[in-house]
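Structure at a glance
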Amino acid sequence: MEIIFLIAILIMSVVIHEVAHGYVALMQGDPTAKYQGRLTLNPIVHLDMVGSVLLPGLLLLTSSPFLIGWAKPVPYNPYNFRDQRWGELWVAIAGPVTNISIAIVFGLFLRFTLPLDTLSPAVVQISVMIVLINIVLALFNMIPVPPLDGSKVLFAFLPARYYGIRRFMEQYSFILIIAVIFILFSTNILGYAIFTVFGMLVGDPQILFQTLNALF
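Residue numbering note: each chain is counted from 1, following its sequence as written. Where totals are concerned, whole chains, interfaces and linings use all residues; where local detail is concerned, this predicted model gives features only for residues with pLDDT of at least 70, and gives and counts side-chain atom pairs only at 80 or more. As a rule here, side-chain values come from all non-hydrogen atoms in the structure, and water together with hydrogens is ignored.

What follows is about the overall build of the chain. Within the chain, the secondary structure is distributed over eleven helices and zero strands. Along the chain, helices and strands appear, N-terminal first, in the series α-α-α-α-α-α-α-α-α-α-α. This radius of gyration counts C-alpha atoms alone. The globule rule is 2.2 Å times how many residues there are, raised to the power 0.38. Taking 2.2 N^0.38 as the reference for a compact globule, 216 residues should give roughly 17 Å; the C-alpha atoms of the chain span a radius of gyration of 18 Å, in line with that estimate. Each principal axis of the C-alpha atoms in the chain carries an extent, and together these give about 55 × 35 × 30 Å. Numbering of helices and strands runs from the N terminus; a helix is a DSSP stretch of H or I covering at least four residues, while a strand is a stretch of E covering at least two.

This is the structure we're talking about:
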């Protein structure tokens, strides 16, 4: 039951992330996501069987020290954007900003209900996992390596004369993302960043360890 809840939280957080991309693209003048029926919170429309179900489920069942997942990317056509200079940047940051906004809401909920004895353990666990998963999605997606959102932010600030760098990074994106994941988890940089942000939002970072110990 706990694993089902965790997968459900991950799926909905990823879905909201992708819908945010689509809505900002629509605001920028590109209706591609709308015409393809992707501006909906119905998870079935967005699910990637491997990234949304099989991989997260396998990682949880094997008590993996990290959890990762993804949905089908929301399509957009940057040539339709009203703001050709910054339009792709606004679309890119929409997903991580939405995730961090969700984390802030539930993080402040936990912060202002301390001590948590007044809440049921289930509410605390669910709230903690919502905060944790959305922090992970926000931070991980802002890594400036294709196909992550952070690469679009990087490319928006990259002068046109350095287009070759973008082409190189997109061509070797799979190798780059594997290398980044290896570095992040071997050095625990991402884990430290997640723990720090969680503590800033909730106020007591030890709640995270208590919840993870209770769940696993």
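Further remarks concern the packing of helix α7 (residues 149-157) against helix α8 (residues 163-171). α8 packs onto α7 with a crossing angle of 165 degrees between their chain directions and a minimal axis gap of 10 Å. Comparing their axes, α8 and α7 come out roughly antiparallel. Handedness of the crossing formed by α7 with α8: left-handed. Listed contacts from α8 to Lys-152, Leu-154 and Phe-155 of α7 are Arg-166, Met-169 and Glu-170. Note on residue classes: Ala, Val, Leu, Ile, Met, Phe, Trp, Tyr, Cys and Pro are nonpolar, Asp, Glu, Lys and Arg are charged, and everything else, Gly too, is polar. Looking at the contact of α7 with α8 residue by residue, the class counts come to three nonpolar, no polar and three charged. Axis angles are defined between N-to-C directions and span 0 to 180 degrees, where every axis is a line fitted to C-alpha atoms and, for a helix, only to the segment in contact. Throughout, the term roughly parallel applies to angles under 35 degrees, roughly antiparallel to angles over 145, roughly perpendicular to angles from 65 to 115, and oblique to all others. Each crossing is labelled by how the near helix is turned from the far one, with a counterclockwise turn of less than a right angle marking it left-handed and a clockwise turn marking it right-handed. Two residues form a contact once any of their heavy atoms are found within 4.5 Å.

Moving on: helix α6 (residues 121-141). Across its 21 residues, α6 extends 30 Å between first and last C-alpha, which sits within 8% of the 30 Å expected from 1.5 Å per residue. Among the 21 residues of α6, 15 are classified as buried, and the element is accordingly described as predominantly covered. Here, expected helix span is obtained from the residue count minus one, scaled by 1.5 Å. A simple rule labels every residue: compare its accessible area, found with a 1.4 Å probe on the protein chains alone, to the largest value its type can have, and call it buried under 20%, exposed over 50%, or partly exposed in between.

Let's shift gears to the environment of Val-128. Among the secondary structure elements, Val-128 is positioned in helix α6. By relative accessible area, which is 0% here, Val-128 ends up buried. Sequence separation between Val-128 and Leu-208 is 80 residues; the distance between their C-alpha atoms is 6.6 Å. Residue contacts for Val-128: discarding those within four places in its chain leaves Leu-110, Phe-198, Ile-207, Leu-208 and Thr-211.

Let us now look at the side chain of His-21. Relative to the helices and strands, His-21 resides in helix α1 (residues 2-27). At 2.5 Å, the side chain of His-21 forms a polar contact with the backbone oxygen of Val-91. Residue contacts for His-21: discarding those within four places in its chain leaves Val-91, Ala-92, Ala-94, Gly-95, Pro-96 and Asp-149. Under the rule applied, a polar contact is a pair of N or O atoms within 3.5 Å (in protein, one hydrogen donor and one hydrogen acceptor; residues adjacent in sequence only if both atoms are side-chain atoms).

A word on the pattern of salt bridges. It is possible for side chains bearing opposite charge to pair when their charged atoms get close. The term salt bridge refers to a pairing of a side-chain nitrogen on Lys or Arg with a carboxyl oxygen on Asp or Glu at a separation within 4 Å. Tallied over the full model, the rule gives two salt bridges. Between Arg-166 and Glu-88 there is a salt bridge, and its shortest N-O distance comes to 3.5 Å. A residue pair is termed long-range when its members are at least 10 positions apart, and Arg-166 in helix α8 and Glu-88 in helix α5 (residues 87-111) qualify at 78 residues. Residues Arg-166 and Glu-170 are paired through a salt bridge, measuring 3.0 Å at the closest nitrogen-oxygen approach. Of this pair, Arg-166 and Glu-170 are both found in helix α8, four residues apart, which corresponds to roughly one turn of the helix. When its relative accessible area of 37% is taken as the criterion, Glu-170 is described as partly exposed.

Let's shift gears to the environment of Thr-187. With respect to the secondary-structure elements, Thr-187 resides in helix α9 (residues 173-187). A residue is classified by how much of its surface remains accessible, and Thr-187, at 44% relative accessible area, is partly exposed. Separated by 2.6 Å, the side chain of Thr-187 and the backbone oxygen of Ile-183 make a polar contact.

It is worth spelling out the nonpolar core at this point. Core analysis: the largest hydrophobic core is formed by 37 residues, its most contacted members being Val-128, Val-131, Ile-135, Ile-143 and Phe-198. Elements represented by at least two residues in this core include exactly α1, α5, α6, α9, α10 (189-202) and α11 (206-215). With eleven residues, the single largest contributor to this core is α6. When near neighbours in sequence (up to four residues on either side) are disregarded, Phe-198 contacts Val-128, Val-131, Ile-135, Gly-203, Asp-204, Pro-205 and Leu-208. Residues Ala-20, Val-24, Val-91 and Ala-94 belong to the second largest nonpolar core, which totals six residues. Note on terminology: a nonpolar core comprises buried Ala, Val, Leu, Ile, Met, Phe, Trp, Tyr and Cys residues joined through side-chain atoms within 4.5 Å.

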